[in-house]
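# Per-entry structural report
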Amino acid sequence: DTGVSQNPRHKITKRGQNVTFRCDPISEHNRLYWYRQTLGQGPEFLTYFQNEAQLEKSRLLSDRFSAERPKGSFSTLEIQRTEQGDSAMYLCASSLGVGKDTQYFGPGTRLTVL
Amino acid sequence: GENVEQHPSTLSVQEGDSAVIKCTYSDSASNYFPWYKQELGKRPQLIIDIRSNVGEKKDQRIAVTLNKTAKHFSLHITETQPEDSAVYFCAASRGGGTSYGKLTFGQGTILTVHP
């Protein structure tokens, strides 16, 4: 499968624990995006990378959230001290870059915070 | 920032009928408008997109129209089939050039096609 992949697919954690998700974009895609989707809503933008540079972060992304994309390939999203309100589907998408901005989504990581 | 409103929130049609979903956007600088289909528990999948230099685009039973002046765009599905049943999301972004391309999504439309 050459599409966007995400791991794990499901994560259940207790409040206060840290969690980390991984996204592997489509090969050669320069841009990588993280979105959060809650039940019955459209995805909401969290952050964006152009290669290894994190160029924009949403106001939704509190200090407990951090994302990296070392070497401009895969990306990780970490949530520290999880709260019940963090429960959601975390989606990753990638695109080729300038002028080729069609975004392809991964299957998502569903986070449940107990 | 950009705000995208989508209507209706639910749409029920008989197989073979047409379905129309409408979206409005607020940022006049938005120039890329994709539509995604999301089945239960699955990833959003792009079904069609349109850029601001085009007023209409068609792909088999699916078409999208864009009115830049009024800042609204619509998805049209003809000859609907039960497998078209899903949640449909519109989105807008400042795609291309040196912009970031982040997508702002509408709230979604649950389409149900009855056999």
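Our structure's up above, just so we're on the same page.
Attention here is on the structure that accompanies the text. Worth saying up front: this structure is predicted, and the values here are computed from it rather than measured.

Right, let's talk about the state of the cysteines for a bit. Every disulfide links exactly two cysteines, by a covalent bond between their sulfur atoms. Residues and elements named next belong to chain A. Inspection of the entire model under this criterion finds two disulfides over all chains. There is a disulfide in this structure between Cys23 and Cys92, and the S-S distance comes to 1.9 Å. Torsion about the S-S bond of the Cys23 and Cys92 cystine: about -65°, corresponding to left-handed handedness. In this pair, Cys23 is assigned in strand S3 (residues 19-24) and Cys92 in strand S9 (residues 88-95), connecting sequence segments 69 residues apart. You can call Cys23 buried: its relative accessible area is 0%.

Under the criterion given, the structure shown has nine salt bridges over all chains. Here Glu83(A) and Arg64(A) are joined by a salt bridge, their closest N and O atoms 3.4 Å apart. Of this pair, Glu83(A) sits in the loop between strand S8 (75-79) and S9 while Arg64(A) sits in the loop between strand S6 (53-57) and strand S7 (65-68), and the two are 19 residues apart along the sequence. Here Arg61(B) ties to Asp84(B) by a salt bridge, and the two come within 2.9 Å at their closest N and O atoms. Placement of the pair is Arg61(B) in the loop between strand S6 (56-59) and strand S7 (62-67) and Asp84(B) in the loop between strand S8 (72-77) and strand S9 (86-92), with a sequence separation of 23 residues.

Each partner contributes residues to the interface: chain B has 20 residues there, and chain A has 22 residues. Where chain B touches chain A, the interface holds two salt bridges. Arg51(B) serves as the salt-bridge partner of Asp101(A), at 2.8 Å between the closest nitrogen and oxygen. Applying the counting rule to chain B against chain A returns 10 residue pairs in polar contact (both at pLDDT 80 or more). Residues belonging to the side of chain B that touches chain A are distributed by class as follows: eight nonpolar, eight polar and four charged.

Here the focus is the pairing of strand S5 (residues 44-50) of chain A. Residues and elements named next belong to chain A. Among the seven residues in S5, five count as buried, and that is most of the element. Here strand S4 (residues 31-37) pairs with S5 via six bridges, running antiparallel. Paired with Tyr33 across the strands is Tyr48, a residue of S5. Relative to S6, S5 runs antiparallel, the two being bridged by four bridges.

Let us look at the environment of Thr112(B). Within the secondary structure, Thr112(B) sits in strand S11 (residues 109-114). Exposure remark for Thr112(B): the relative accessible area of 31% places this residue in the partly exposed category.

Rules used throughout
- Residues numbered from 1 in each chain as written.
- Chains lettered and ligands numbered in written order.
- Predicted model: local features only at pLDDT ≥ 70, side-chain atom pairs only at ≥ 80, totals over all residues.
- Heavy atoms only, no water.
- Disulfide = S-S within 2.5 Å.
- Helix = DSSP H or I, 4+ residues; strand = E, 2+ residues; numbered from the N terminus.
- Buried < 20%, exposed > 50% of the residue type's maximum accessible area, 1.4 Å probe, protein only.
- Salt bridge = Lys/Arg side-chain N within 4 Å of Asp/Glu carboxyl O.
- Contact = heavy atoms within 4.5 Å.
- Polar contact = N/O pair within 3.5 Å; in protein donor to acceptor, adjacent residues only side chain to side chain.
- Nonpolar A, V, L, I, M, F, W, Y, C, P; charged D, E, K, R; others polar.
- Pairing = 2+ DSSP bridges.

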